[in-house]
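Inside the fold
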Amino acid sequence: MIRPRSLRVRSPLIRECMAEFIGTFVLLLFGCAAAAQVKTSQETKGQFLSVNMAFSVGVMSAMYLTKGISGAHLNPAVTLSFCVLGKVPWRKILPYSLCQVLGAYMASGLVYLVYYEAIMQFSGGVLTVYGPNETASIFATYPPEYLSVTRSFLDQVVGTGMLMLCILSLEEKRNTPAPTELIPPIVAVIVLGIAMSMSANCGGAINPARDLGPRLFTLTAGWGTEVFTCYNYWFWVPLVAPPLGGVLGSTMYLVFIEWHLPEPEPSENVQISSAASNGTRRPPEQKEAMLFGLGSMAQTITTRNTKGEYLSTSFAFGFATTFGVYISRGVSGAQLNPAVSFSMCVLGRHQWRKFPFYTLSQLLGSFLGAATIYALFYGRVFAYLCLDAIMHYGEGRLTVTGPTATASIFATYPADYLSIFNGFVDQVIGTATLLVCLLALSDQRNSAAPAQLEPLMSGMAVFAIDLSMGGNSGCALNPVRDLGPRLFTYIAGWGEEVFYAGNCWFWVPLVGPFVGSLVGACFYQLFIELHHTNLDLKPKGLCIGNKMATLETVELNINYRKPFPRDTQVDVENTDESEERANA
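Once a new chain begins, its residue numbering starts again from 1 and follows that chain's sequence as written. This being a predicted model, a pLDDT of at least 70 is required before a residue's local features are given, and a value of 80 or more before pairs of side-chain atoms are given or counted; all residues contribute to the totals for chains, interfaces and linings. For side-chain calculations, the full set of non-hydrogen atoms in the structure is used, while hydrogens and water are omitted.

Moving on: the overall build of the protein chain. Tallying secondary structure elements over the protein chain gives 22 helices and 2 strands in all. A 1.4 Å probe rolled over the protein chains alone gives each residue an accessible area, and that area as a share of the maximum for its type sets the label: buried under 20%, exposed over 50%, partly exposed in between. Looking at the protein chain residue by residue over its 584 residues, the buried ones come to 57%. Whether two residues are in contact is decided by their heavy atoms, any of which lying within 4.5 Å being enough. Taking as baseline every contact in the protein chain between residues at least 6 positions apart, the subset at least 24 positions apart corresponds to 80%. Secondary structure counts use DSSP, requiring at least four H or I residues in a row for a helix and at least two E residues in a row for a strand, with both numbered from the N terminus.

Next comes the structure, spelled out in structure tokens:
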């Protein structure tokens, strides 16, 4: 009888490489199979969203499968970033990357075997890269005809940078990390959010192995060398840009977040103290979160709802809120909204002297977020090469109203039927609802959400409000979410109409949220907070409304296992000793 222990591979590096191989195999099996189903059924058995969701489920499944052995990198760009950060030895990058590419190659082969007859029926027996019956895009990523190489390179850099920025925030013990057991589904949500907001340009590879493995398979399976020579030898973009983007995203996390987190105490636990008593805290993190929301808007509008819809845009803004909080919470409290900051100042839970600095930082972040989306989806500089998405959709013009208007990608505008009064009430009620939800999530005298899940719950609140109250005027709920992008469109070529449109609508999403935040805060005080049985405890604040500014000392145990990087191995023979150490 063969004992399972006798089959165990003794070399840690070989074990890790095997895990990276099978993890990337599972990831690509889910994703490419979904793409094959959607393509060959002509979208009768799936659509763009289902492919994105399948890749996300593949990420989650692969991480649960392999993170205990290798750390579940699944992506050479992630491995390179961890090597640059000193979290993984450089000697591992080459074997990890080769195994990831091999796993992607084998998964593509299995998908081809399963869908061979469907592919042949759809393509008429001819395996092509171009044309209405092309099937190469089932496996690798390809750009649309209007996209320039420069724009697609930037697209991959930004997408992978955001991936690393979000991932690093999840395991930072000095911040408020996500629960270890929930990191795989949270990373899956990150991938889904990026796919919903940054994949219309060139498929959202953000992973060299995810593209190269399937591309090599199509080369050998009958599609020929055209998979490499098409679109002016475009294949190198998803190979080179993601590693660069991963390193840039990691650098951003260091510069804007990690270097400004409180130093850990010499004791066993990390203590996160009150930011209100610590005047050294910096203004909030610039709003990288705007990239996801505005990116989804641009993707949905410029593709005429073929690669997105209202639901995906709402999800992207909710997702952006979640990871904006995870990223910047440990430094600033992650307010991200001047209306929330204002109401917390009125309630005495935030210092008034910080309010203007926070607001200016948030405004600058939203402005730069809009500029980045503009760079990804629009290219007047490269117009002699090709038209990019915004100009392609707008027929060469930047307009605020009309069937090809593109200003609504950035700022909010009212529906034609909406009056100013009704729009103002809409913003007041929406922001008041947001404040009530956020105060309830953080109220320790009530049934507060677990601190590590508060960012996720806050994002879900934004998502739900957008789904239920976004039809009238875009559901800004945040003055800088609207003003920063509106100022950018004014400068970038849309002109003064961005302020005149909708009967000078622009002031409504600036004033309405401030009023609504006060209404919501007063409502919660009068109907909930004043009636708690234990009035001796102080209110705890909230994560977006500067949780860290009023949070009494919180202790976070740092002796949990990190999901990645995995640069140390747990030996099976010593599991009992390891468990005893972990329990201690």
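The next subject is the packing of aromatic side chains. Only centres within 6.5 Å qualify two rings of Phe, Tyr or Trp (six-membered ring in Trp) as a pair; their planes then separate them into stacked at under 30 degrees, edge-to-face at over 60, and tilted for everything else. Scanning the model with the defined rule gives 28 aromatic pairs in all. On the numbers, 5.0 Å between centres and 75 degrees between planes, the contact of Phe 228 with Phe 235 is edge-to-face. When its relative accessible area of 16% is taken as the criterion, Phe 228 is described as buried. Overall, the relative accessible area of 23% leaves Phe 235 in the partly exposed class. Geometrically, the ring pair formed by Phe 315 and Phe 319 is stacked, given 6.2 Å between the ring centres and 15 degrees between the ring planes. Of the two residues, Phe 315 and Phe 319 are both situated in helix 12 (residues 310-332); the distance of 4 residues between them amounts to about one turn of the helix. Here the two residues Phe 315 and Phe 319 agree in accessibility, since each one is buried. Among the aromatic residues, those joined into a cluster by ring pairs are Tyr 105, Tyr 112, Tyr 116, Phe 139, Phe 217 and Trp 223. The criterion is that NZ of a Lys, or CZ of an Arg, lies within 6 Å of the ring centre and within 35 degrees of the ring normal, and then a charge sits over that ring. In this arrangement the basic side chain of Arg 215 is found over the ring face of Tyr 142, its NZ or CZ atom lying 4.7 Å from the centre. Just above the ring of Tyr 413 sits the side chain of Arg 486; from NZ or CZ to the centre is 4.8 Å.

A few words now on helix 4 (residues 93-114). For a helix, the expected span equals 1.5 Å multiplied by the number of residues minus one. Under the 1.5 Å per step criterion, the end-to-end length of helix 4 is 32 Å for 22 residues, consistent within 8% with the ideal 32 Å. Residues of helix 4 that are buried: Ile 93, Tyr 96, Ser 97, Cys 99, Gln 100, Val 101, Gly 103, Ala 104, Ala 107, Ser 108, Val 111 and Tyr 112. Residues of helix 4 that are buried in the fold lie against helix 1 (12-40), helix 3 (76-84), helix 5 (116-123) and helix 8 (208-223).

This part is about the confidence of the model for the protein chain. When the pLDDT values of the protein chain are averaged, the result is 81; 83% of them are 70 or greater. pLDDT measures how confident the predictor is about each residue, on a scale from 0 to 100. Every residue in residues 266-287 scores below 50 in pLDDT, and together they form 70 contacts with partners more than four places removed in sequence or on other chains. Ignoring residues within four places in sequence, the model shows residues 380-387, a span with pLDDT below 50, making 10 contacts including any to other chains.

Right, let's get into the packing of helix 1 against helix 2 (residues 48-66). Across the interface, helix 1 lies against helix 2 with an axial gap of 8 Å and an inter-helix angle of 165 degrees. The angle between helix 1 and helix 2 places the two elements in the roughly antiparallel class. Judged by the sense of rotation from one axis to the other, the crossing of helix 1 with helix 2 is right-handed. Two secondary-structure elements touch here, helix 1 through Ala 19, Ile 22, Gly 23, Val 26, Leu 27, Leu 28, Phe 30, Gly 31, Cys 32, Ala 34, Ala 35 and Val 38 and helix 2 through Ser 50, Val 51, Ala 54, Phe 55, Val 57, Gly 58, Val 59, Ser 61, Ala 62, Leu 65 and Thr 66. Three residue categories are used. Nonpolar comprises Ala, Val, Leu, Ile, Met, Phe, Trp, Tyr, Cys and Pro, charged comprises Asp, Glu, Lys and Arg, and polar comprises the others, including Gly. For the contact of helix 1 with helix 2, the residue count by class is 17 nonpolar, 6 polar and no charged. To obtain each axis, a line is fitted to C-alpha atoms, and for helices this fit is confined to the stretch in contact; angles are then taken between N-to-C directions over 0 to 180 degrees. Working definition: roughly parallel below 35 degrees, roughly antiparallel above 145 degrees, roughly perpendicular at 65 to 115 degrees, and oblique for all remaining angles. By the definition used in this description, the sense in which the near helix is turned from the far one sets the handedness, with an anticlockwise turn below a right angle giving left-handed and a clockwise turn giving right-handed.

Here we take up the packing of helix 4 against helix 5. Taken N-terminus to C-terminus, the directions of helix 4 and helix 5 make an angle of 70 degrees; their axes are 4 Å apart at the nearest point. Put simply, helix 4 runs roughly perpendicular to helix 5. Between helix 4 and helix 5, the residues in contact are Tyr 112, Leu 113 and Val 114 and Tyr 116, Ile 119 and Met 120, respectively. Tallied by class, the residues present in the contact of helix 4 with helix 5 amount to 6 nonpolar, no polar and no charged.

This part covers the side chain of Ser 197. By the secondary structure assignment, Ser 197 is in helix 7 (residues 183-198). With near-sequence residues (within four places) excluded, Ser 197 lies in contact with Leu 291, Phe 292, Gly 295, Ser 296, Gln 299 and Phe 377.

For the rest of this paragraph, the subject is the pattern of salt bridges. Any carboxyl oxygen of Asp or Glu that lies within 4 Å of a side-chain nitrogen of Lys or Arg is treated as forming a salt bridge with it. Per the counting criterion, the structure on display carries 6 salt bridges. The shortest N-O distance in the salt bridge between Lys 92 and Glu 16 comes to 3.1 Å. On the criterion of sequence distance, the pair formed by Lys 92 in the loop between helix 3 and helix 4 and Glu 16 in helix 1 is long-range, its members being 76 residues apart. In this pair, the class of Lys 92 matches that of Glu 16, namely buried. Arg 349 serves as the salt-bridge partner of Glu 529, at 2.7 Å between the closest nitrogen and oxygen. With Glu 529 in the loop between helix 20 (508-527) and helix 21 (547-550) and Arg 349 in the loop between helix 13 (338-346) and helix 14 (355-377), this pair connects stretches of sequence that are 180 residues apart.

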